[in-house]
Amino acid sequence: MTVAGERVPDVASTTACWAPQSSVVVDHSLRVEEYLADGVYLIHVAVPDSGDPRDVNLSIVSGRLYVAVRDRHAVRGVLDRAIPLPPSADTSGVTARYAAGIVEVRVPIVARVSA
């Protein structure tokens, strides 16, 4: 899995790196499930076809998680999705892992202190 933008530790170790040739265009063709549980915002993304973690690119830019997956069956060859993160997301603690066709992204939520 390739990660751009802020640091997202990866469970699968890869040496290959790729990124879409153009800027990310939001395409809602990736199935995404989002949950908030125990101070963590969980995002599950179903990865089509290849099942190769090197085909997944994650980046965090301006409070959004961008997911791009290389797919030889897609018209553009890449399926992508932009997912807004909660304002209280701690993007410095984001982790991601890939298993059985699902990318799981864990985003810690910082408790807000009222003044």
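Summarised in this report is the structure supplied together with it. (Residues numbered from 1 in each chain as written. Predicted model: local features only at pLDDT ≥ 70, side-chain atom pairs only at ≥ 80, totals over all residues. Heavy atoms only, no water.)

## Considerations on the overall build of the protein chain
Within the protein chain, the secondary structure is distributed over 0 helices and 8 strands. Of the regular secondary structure in the protein chain, the N- to C-terminal order runs β-β-β-β-β-β-β-β. The buried share of the protein chain, reckoned over its 115 residues, is 39%. Of the contacts formed within the protein chain by residues at least 6 apart in sequence, a portion of 55% connects residues at least 24 apart. When the accessible surface of the protein chain is summed, it comes to about 6,600 Å², and 53% of that surface belongs to carbon and sulfur atoms. (Helix = DSSP H or I, 4+ residues; strand = E, 2+ residues; numbered from the N terminus. Buried < 20%, exposed > 50% of the residue type's maximum accessible area, 1.4 Å probe, protein only. Contact = heavy atoms within 4.5 Å. Areas by Shrake-Rupley, 256 points an atom, 1.4 Å probe, with all protein chains shown as cover.)

## Some details on the pattern of salt bridges
Counted according to the given criterion, the structure contains 3 salt bridges. The residue Arg70 makes a salt bridge to Asp55 at a minimum N-O spacing of 3.1 Å. Pair noted here: Arg70 is in strand β5 (residues 64-70) and Asp55 is in the loop between β3 (40-46) and β4 (56-61), with a separation of 15 residues, a long-range link. Residue class for Asp55 comes out buried when judged on its relative accessible area of 11%. Across the pair Arg97 and Glu104 runs a salt bridge whose closest N-O atoms are separated by 3.2 Å. What you see here is one network of salt bridges that share partners, running through Arg97, Glu104 and Arg106. (Salt bridge = Lys/Arg side-chain N within 4 Å of Asp/Glu carboxyl O.)

## Some remarks on the pairing of strand β8 (residues 102-108)
Strand direction decides the pairing type here: β3 and β8, joined by 7 bridges, are antiparallel. Each residue of the ladder has a partner; that of Val40, found in β8, is Pro108. Strand direction decides the pairing type here: strand β7 (residues 95-99) and β8, joined by 5 bridges, are antiparallel. Bridge pairing in β8 places Ala96 opposite Val105. Where β7 hands over to β8, the hairpin turn is made up of 2 residues, of which Ala100 adopts a positive phi near 50 degrees. (Pairing = 2+ DSSP bridges.)

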